[in-house]
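Chain and residue survey
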Amino acid sequence: MSDTTVRVRFAPSPTGYLHVGGARTALYNYLFAKRHGGKFILRIEDTDEARSTEESMRMQIADLKWLGLTWDEGPDPETLIEVGPYGPYRQSQRQSIYKEHADRLLATGQAYYCFMTDAEIEVQRQQSMKDGRPPQVNSPYRDWPIEKAQERLATGEKAAIRYKVVEKKDYVLQDLVRGDVTFPSDMVGDFVMLRSSGMPVYNFCCAIDDALMKITHVFRAEEHLSNTLRQMMLYEAFNYELPKFGHLSIILGSDRQKLSKRHGATSCHEYNLNGYLPEALNNFIALLGWSSPNAQEIISMDEMIAQFSPDRLNASPAVFDETKLAWVNATHLRALPDEELWRRIEPYLKEAGFKMPTDPAWRSRALDTFKTSMNNLKDSVELFRYVSEDAMPIGDDAKEILGWPTTKTVVEAWKKGVEASGTEFMTEEQFLKLQDSIKDSAGVKGKNLFQPIRVAIIGKPQGTELKMLVPLLHKHTLIARADEVLRKLL
RNA sequence: GUCCCCUUCGUCUAGAGGCCUAGGACAACUCCCUUUCACGGAGUAGACACGAGUUCGAAUCUCGUAGGGGACGCCA
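Cut-offs used in this document
- Residues numbered from 1 in each chain as written.
- Chains lettered and ligands numbered in written order.
- Predicted model: local features only at pLDDT ≥ 70, side-chain atom pairs only at ≥ 80, totals over all residues.
- Heavy atoms only, no water.
- Helix = DSSP H or I, 4+ residues; strand = E, 2+ residues; numbered from the N terminus.
- Expected span 1.5 Å × (residues − 1).
- Contact = heavy atoms within 4.5 Å.
- Polar contact = N/O pair within 3.5 Å; in protein donor to acceptor, adjacent residues only side chain to side chain.
- pLDDT = per-residue confidence, 0-100.
- Core = buried A, V, L, I, M, F, W, Y, C linked by side-chain atoms within 4.5 Å.
- Buried < 20%, exposed > 50% of the residue type's maximum accessible area, 1.4 Å probe, protein only.
- Arc of directions from axis to C-beta.
- Salt bridge = Lys/Arg side-chain N within 4 Å of Asp/Glu carboxyl O.
- Near = heavy atom within 4 Å.
- Nonpolar A, V, L, I, M, F, W, Y, C, P; charged D, E, K, R; others polar.
- Pairing = 2+ DSSP bridges.
- Right-handed = clockwise from strand over helix to strand, strands pointing away.

**Regarding helix 11 (residues 322–335)**
Between its first and last C-alpha atoms helix 11 spans 20 Å; for 14 residues at 1.5 Å apiece the expected length is 20 Å, and the two agree. Of the surrounding secondary structure, the elements contacted by the buried residues of helix 11 are helix 8 (268–273), helix 9 (278–286) and helix 12 (338–352). At the N-terminal boundary of helix 11, the capping side chain belongs to D321, with an oxygen 3.1 Å from the backbone nitrogen of T323.

Written as structure tokens, this is what we have:
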């Protein structure tokens, strides 16, 4: 197969935000397409009328956009107007296509109308379970002549259309990540293709769309592995060419159960809100089931594209390790150029309402000071609070220091020294000199000297180096904060 | 219940019969740097689920057992 013919797709159902598992599936498909100069298609699987919403579709599109996983065909990320030669790309708008396909199988007797009710199906399921058989339906309508079914339909009654599984044989799937997987055809019963509402069911529309959209490779989650049998039957029935499949392992939570809401943040949207970088999230999830051939842990999108290959995909499930994600994120964050990092933390700072200098040199210096203590963009809020003009809350952990006998002397000397400084902002040298003179005048050294000064600046005994911090603070702010501490001491 | 898939340090993984006294990364721990916190640097500890077989030789191949996961829907 020539590279330019590679066509892959990501086909989410629009129910809620994009899940990290879905993001990984999308990423692998995207990487594979880019690696081979192929096309990446976004198809919306909105056939579940009860759960699918337009709003969810917008949210998922926004998440995909945030991750930088852009598609060549599908709804336009801004206008939602569909682009590409194989549309529509929303399954809810392809019903005539599905109906036409169902009619074809109806005509050849490979499918039939089924009038069973939910209650009847449930009774059969229970009975099958009890008998130790797979809970498959055995429709009494499977051998009805089509004319008889049509008469009943004419009365206004609704029917689902089921595929008729007749031949007993083994289907062998050559899976890109699992090797040969054999499915006996009796693993499934006659399955529904079209609901009585006329809406298609996943296995039906998925197979038809993949075929019609000329999809060549399908990377999807493991939970679809056994679905593939039904889809293989359909491909056979329509005489369509089967794409290559690669079934990805699922992502687990720390308790080794399938990752879900109760494990904490599972949507890309939440990671976005919590200050994670899209490049870091991509990096981290890519490594959950795939490895770089040269063992790279920190890897850019371009490098992943250059290195991606399905034979490095891992079939065993992976636990989502929040701690490693934090490290990956911190590493990407610290590697960002100053202007870029500032651009990204700005919304968080703005939201916190801080008043700060706008001088680029000041910003750059502040970033240098704080970025080694930031794991994510949101962390900037607590850090920049120190250098904003806002009043500094004095923490409980400062109490002990406030109780030391020499603290008052040190803080008073500190305040006096700041007042005496000629410039609006002290330099590192000025600060160091002042610190030295306090040591002499107050006659204290070591932590008895440093801790009270620190408390007078940030309200707590631990944190960023003072010689870095002080030059970032305006004289007035420094004095106001010293006063605050002094008041507490009285 | 039936069928399918999976099983290397706590976690992500490398490993395609001899290169493995099993390598890397995160986390942990120790030390160094440092007034504190972080960053950074140097180290330490830590795994082939179990049992048979094939082979001169098995983490790698086969079978079985156990554990985990998935599917069995007019959900996707």
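Now, onward.
**Notes on the confidence of the model for chain A**
Per-residue pLDDT for chain A has a mean of 92; in total, 99% of the residues score no lower than 70. Interface predicted TM-score (ipTM) for the complex: 0.94; the corresponding pTM is 0.93.

**What to know about the nonpolar core**
Membership of the largest hydrophobic core comes to 102 residues, with the highest contact counts inside it found for F320, F384, V387 and W414. Considering each element in turn, this core owes the most residues, nine residues, to helix 1 (residues 20–35). For F384, the contacting residues outside a window of four places in its chain are W342, I345, L349, F354, M356, W362, A366, L367 and F370. Grouped together as the second largest cluster of nonpolar side chains are 45 residues, L106, Y113, V165 and L234 included.

**Comments concerning helix 16 (residues 407–420)**
Taking 1.5 Å as the rise per residue, helix 16 with 14 residues should run 20 Å; its terminal C-alpha atoms sit 20 Å apart, in good agreement. Every buried residue of helix 16 is accounted for by T407, V410, V411, W414, G417 and V418. Summarising the axial view, the buried residues of helix 16 lie within an arc of 125°, below the 170-degree limit, and thus occupy one face. For helix 16, the exposed residues set more than 90 degrees away from the buried face come down to K416 and A420. Buried residues in helix 16 make contact with helix 15 (399–402), helix 17 (428–442), helix 18 (447–458) and helix 20 (475–489).

**Some words on the pattern of salt bridges**
Working definition: two side chains of opposite charge can pair if their charged atoms are close together. Summed over all chains, the structure comprises 35 salt bridges. The partner of R142 in a salt bridge is D190, with the nearest N and O atoms 2.8 Å apart. Of this pair, R142 sits in the loop between helix 4 (118–130) and helix 5 (146–154) while D190 sits in the loop between strand 8 (179–184) and strand 9 (192–194), and the two are 48 residues apart along the sequence. Since its relative accessible area comes to 7%, D190 is described here as buried. One salt bridge in this structure joins R344 and E279, with 2.8 Å as the shortest N-O distance. Of this pair, R344 sits in helix 12 while E279 sits in helix 9, placing them 65 residues apart in sequence. Judged by relative accessible area, E279 falls into the partly exposed class, the value being 24%. Put simply, R9, R43, E45, R94, D209 and D210 are held in one network by salt bridges that share partners.

**With respect to the protein's contact with RNA strand B**
With respect to spatial proximity, 60 residues lie near RNA strand B, and among them T47, R125, R178, R195 and Q257 are the closest. Close to the protein, within 4 Å, the atoms of RNA strand B belong to sugar or phosphate groups at a rate of 73%. Of all elements in the fold, only helix 4, strand 6 (160–163), strand 8, helix 7 (227–238), strand 13 (318–319), helix 11 and helix 18 reach the threshold of two or more residues within the surface near RNA strand B. Split by residue class, the surface near RNA strand B holds 21 nonpolar, 19 polar and 20 charged.

**Quick word on the pairing of strand 11 (residues 244–248)**
Counting buried residues in strand 11 gives four out of five residues, a clear majority hidden from the surface. Relative to strand 11, strand 10 (residues 217–221) runs parallel, the two sharing five bridges. Within strand 11, the residue paired with R220 across the bridge is H247. Read as a crossover between parallel neighbours, the route from strand 10 over helix 7 to strand 11 is right-handed.

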